[in-house]
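Structural overview
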Amino acid sequence: MAGCVTRVELSVSCRSLLDRDLGSRSDPLCVLLQDVGGGRWAELDRTERIKNCQNPEFCKKLVVDYYFEKVQKLRFGVYDIDNKSFDLNDDDYLGGVECTLGQVVSSSVFTRPLELKQGKPAGKGTITISAEEIKDTRVVYLEIEARNLDKKDFLGKSDPFLEFYKPSDAGTWQLVYRSEVIKNNLNPCWRKFSVPLQTFCGGDLNKPIKVQCADHDSDGSHDLIGAFETKLTELQKAGDGSAVEFECIHPEKKQKKKSYKNSGIIRIKSCKIETEYSFLDYVMGGCQINFTVGVDFTGSNGDPRSPDSLHYISPDGVNEYLIAIWSVGSVVQDYDTDKLFPAFGFGAQVPPSWQVSHEFALNFNPSNPYCQGVQGIVDAYRQILPQIRLYGPTNFSPIINHVARFAAHSAQQGTASQYFILLIITDGEITDLDQTRQAIVNASKLPMSIIIVGVGEADFKAMEFLDGDNGVLKSLTGEPAARDIVQFVPFRQFKNAPREALSQMVLAEVPKQLVSYYKWQGWPPVKPPEIKKV
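Every value quoted in this text rests on a predicted model; they were computed, and no experiment measured them. (Residues numbered from 1 in each chain as written. Predicted model: local features only at pLDDT ≥ 70, side-chain atom pairs only at ≥ 80, totals over all residues. Heavy atoms only, no water.)

1. Some details on helix α12 (residues 510-521)
The first and last C-alpha atoms of α12 sit 17 Å apart over 12 residues, in line with the 16 Å expected at 1.5 Å per residue. Buried within α12 we find V510, P511, Q513, L514, V515, Y517 and Y518. Directly after α12, the chain includes G522, whose backbone phi takes a positive value near 75°. (Helix = DSSP H or I, 4+ residues; strand = E, 2+ residues; numbered from the N terminus. Expected span 1.5 Å × (residues − 1). Buried < 20%, exposed > 50% of the residue type's maximum accessible area, 1.4 Å probe, protein only.)

Quick look at the structure:
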């Protein structure tokens, strides 16, 4: 299960709140609740109370952990507080709003009318929520070498490595980075490395940093070669051909020997601070996530009219295909403004010619294959089932290439404005494995991710192979995928789990995949966040 992607800070303001106090204005406070299932809501946070104010701008931010792969239902409630008790049941309710965290983070500013209850507006009151990620997204990149280090080993030269420390709140030195060991070398040049600025110095460029150079011994009894203290503002002077040099000092040697100069020189060749953008930076910066569905209508699924078919719709109106569409689509739809999703089928004979098609629109409208929302996909799927003949073979590559054409067109703009997610739901009996491998390798260079949900009881070895978790997926010609873009999940693992579990599993990788693509391209968000210096 993926961890929390990040923490989000929500700023809340209201306009035109109802007046509940006689002789004065309301004294509002906003509370944030999260749906914890079973009709229960748990309080996450609350703002301060503002006295006598109909248009409050709350100073205290509401903090919430954000998970891309979950639909996080939130309720904002505004109360008029006239007493000192923490319990809100004895306070007047001024209205509230329910939404998902996905809706809030994908809108730069989210404004809704307040409601006293479903469909009953709270006068003209409105609430405005804006989200901001809590973190210093800067990263420090360093290139370091040394020369004339002391020889520490009896038989060979030293095996030097570096360690960086920052002062902890407890007053001790806390390790923040350890380099690799370079064997038998008194003039080592270490690999370029990066550390998040928050980790490196708590985001404070003037915080002291201690650098130690030691000789590595395999038994763990490393010998200190020397050390020095500096700060990031000093290290930043390195770059553009001019290095910053520090003498590596061994304190005991310095004490014992009058003639002691140093135990070598550490040279900072370059020190750069760059911003690492997160998934939320891209989404909040205007990146649209486009969702496409591909449904496997091949004969191996079984006749849809027969109860043992994977396409059989049970009396309560569901099957594994529909559950997969719902659970993944309901998360992704919050990140797509037009809510129009292209949906395709493959592997069936389609009227009127009854030719086998590997990318037919579920709504039978090839020039406009878009369905309105996830419900639109579900409706189209139900309508098309009785009208087609399940057939074969099971070819994935046409639909992957179809979405890839859109992704390639978007990538030509050179901005982080569109990302594409293709959900393929299949019984796993793939025919065109080699063409699909090539299609995925090509797509790995584009702004897209592929999610494959395997339904039924088949052996999904081919799907697991495409997932590439056991090593980099390569095309038939040996070309490796530029990045891992396929996530495969067998539906049977989730048969008895809550519906959210499937979407959490299949979408857990998407934030990393999106960020890895834009980082690889070197594209910032369309509207980069303002960096708040800590």
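2. Some points on the sheet that holds strand β12 (residues 193-196)
Across the sheet, which stays open at both edges, the four strands sit in the order β12-β9-β16-β15 with antiparallel pairing between neighbours. Taken across any chain shown, the strands that pair with only one partner, and hence form the sheet edges, are β12 and β15 (244-247). Strand-to-strand twist across the sheet, computed as the mean angle between neighbouring axes with direction ignored, equals 35°. Looking at chain direction, strand β9 (residues 138-147) and β12 are connected through four bridges and run antiparallel. Within the sheet, the bridge partner assigned to Y141 lies in β12 and is S194. (Pairing = 2+ DSSP bridges. Axes fitted to C-alpha atoms, helices over the stretch in contact; angles between N-to-C directions.)

3. Topic: the sheet that holds strand β10 (residues 160-167)
Across the sheet, four strands lie side by side as β11-β10-β13-β14; this open sheet has antiparallel pairing. Looking along the sheet, the strands with just one partner apiece sit at the ends: β11 (173-178) and β14 (223-231). Between one strand and the next, the sheet's axes are offset by a mean angle of 30°, whatever the strand orientation. Relative to β14, strand β13 (residues 208-215) runs antiparallel, the two being bridged by eight bridges. Of the residues in β14, the one forming a bridge with Q212 is A227.

4. A few points about a nonpolar patch on the surface
Side chains of L340, Y370 and F406 sit close together on the surface and give an oily, nonpolar patch of about 260 Å² of accessible area. A relative accessible area of 36% means that Y370 is categorised as partly exposed. (Patch = residues over 30% accessible without salt bridge, like charges linked within 9 Å, V, L, I, M, F, W, Y side chains within 5 Å. Areas by Shrake-Rupley, 256 points an atom, 1.4 Å probe, with all protein chains shown as cover. Salt bridge = Lys/Arg side-chain N within 4 Å of Asp/Glu carboxyl O.)

5. Examining the pattern of salt bridges
All told, the structure shown has 19 salt bridges when counted by the stated rule. One salt bridge in this structure joins R75 and E98, with 3.1 Å as the shortest N-O distance. A residue pair is termed long-range when its members are at least 10 positions apart, and R75 in strand β5 (residues 73-80) and E98 in strand β6 (residues 92-100) qualify at 23 residues. Each of E145, R147, E245, R267 and K269 takes part in one network of salt bridges that share partners.

6. Some thoughts on the packing of helix α6 (residues 320-332) against helix α7 (residues 373-384)
Where α6 meets α7, the closest approach of the two axes is 9 Å, and the angle between their N-to-C directions is 165°. If you check the angle between α6 and α7, you find them roughly antiparallel. Judged by the twist between their axes, the crossing of α6 over α7 is right-handed. Across the interface between the two elements, Y321, L322, I325, W326, G329 and S330 of α6 pack against V374, Q375, I377, V378, Y381 and R382 of α7. (Parallel < 35°, antiparallel > 145°, perpendicular 65-115°, else oblique. Left-handed = near helix turned anticlockwise from the far one by under 90°. Contact = heavy atoms within 4.5 Å.)

7. Structural notes on the nonpolar core
Judged by nonpolar contacts, the single largest core of 115 residues is most densely connected at L10, F76, I127, F297, L362, I400 and M448. Ranked by residues supplied to this core, first place goes to α6 with eight residues. Per-domain counts for this core show at least three residues from each of domain 1 (6-134) and domain 3 (293-521). Filtering out sequence-adjacent residues up to four positions away, L10 remains in contact with L32, K61, L62, V64, L74, F76, L101, V104, I129, S130 and A131. Counting 31 residues, the second largest nonpolar core, distinct from the first, contains C213, L235, A238 and I266. (Core = buried A, V, L, I, M, F, W, Y, C linked by side-chain atoms within 4.5 Å. Domains from an automatic or database assignment.)

8. Some words on unusual backbone geometry
A cis amide bond links P351 with the next residue in sequence, P352, at an omega value of 0°. Tracing the sequence through the fold places P352 in the loop between β19 (348-350) and β20 (355-357). The residue after G392, namely P393, is reached through a cis peptide bond having omega 0°. Turning to its location among the elements, P393 is positioned in the loop between β23 (389-390) and α8 (397-411).

9. Some points on the packing of aromatic side chains
The final tally for this structure, using the stated rule, is 22 aromatic pairs. Where Y79 meets Y93, the ring centres are 5.1 Å apart and the plane angle is 55°; that geometry is what we call tilted. Placement of Y79 in strand β5 and of Y93 in strand β6 is noted, with a sequence separation of 14 residues between them. On the accessibility criterion, Y79 (16% relative accessible area) is buried. Residue class for Y93 comes out partly exposed when judged on its relative accessible area of 26%. Through successive ring pairs, a cluster of aromatic residues spans Y277, Y282, Y419, Y517, Y518, W520 and W523. Over the face of the ring belonging to W41 we find R75, whose NZ or CZ atom lies 4.2 Å from the ring centre. Over the ring of Y165 we find K210, and its NZ or CZ is 5.6 Å from the ring centre. (Phe/Tyr/Trp six-rings, centres within 6.5 Å; stacked < 30°, edge-to-face > 60°. Lys NZ or Arg CZ within 6 Å of the ring centre and 35° of its normal.)

10. Here we look at the domain arrangement of the protein
As far as domains go, the protein holds domain 1 (6-134), domain 2 (138-275) and domain 3 (293-521). Summarising the inter-unit geometry, the C-alpha centres of domain 2 and domain 3 are found 50 Å apart.

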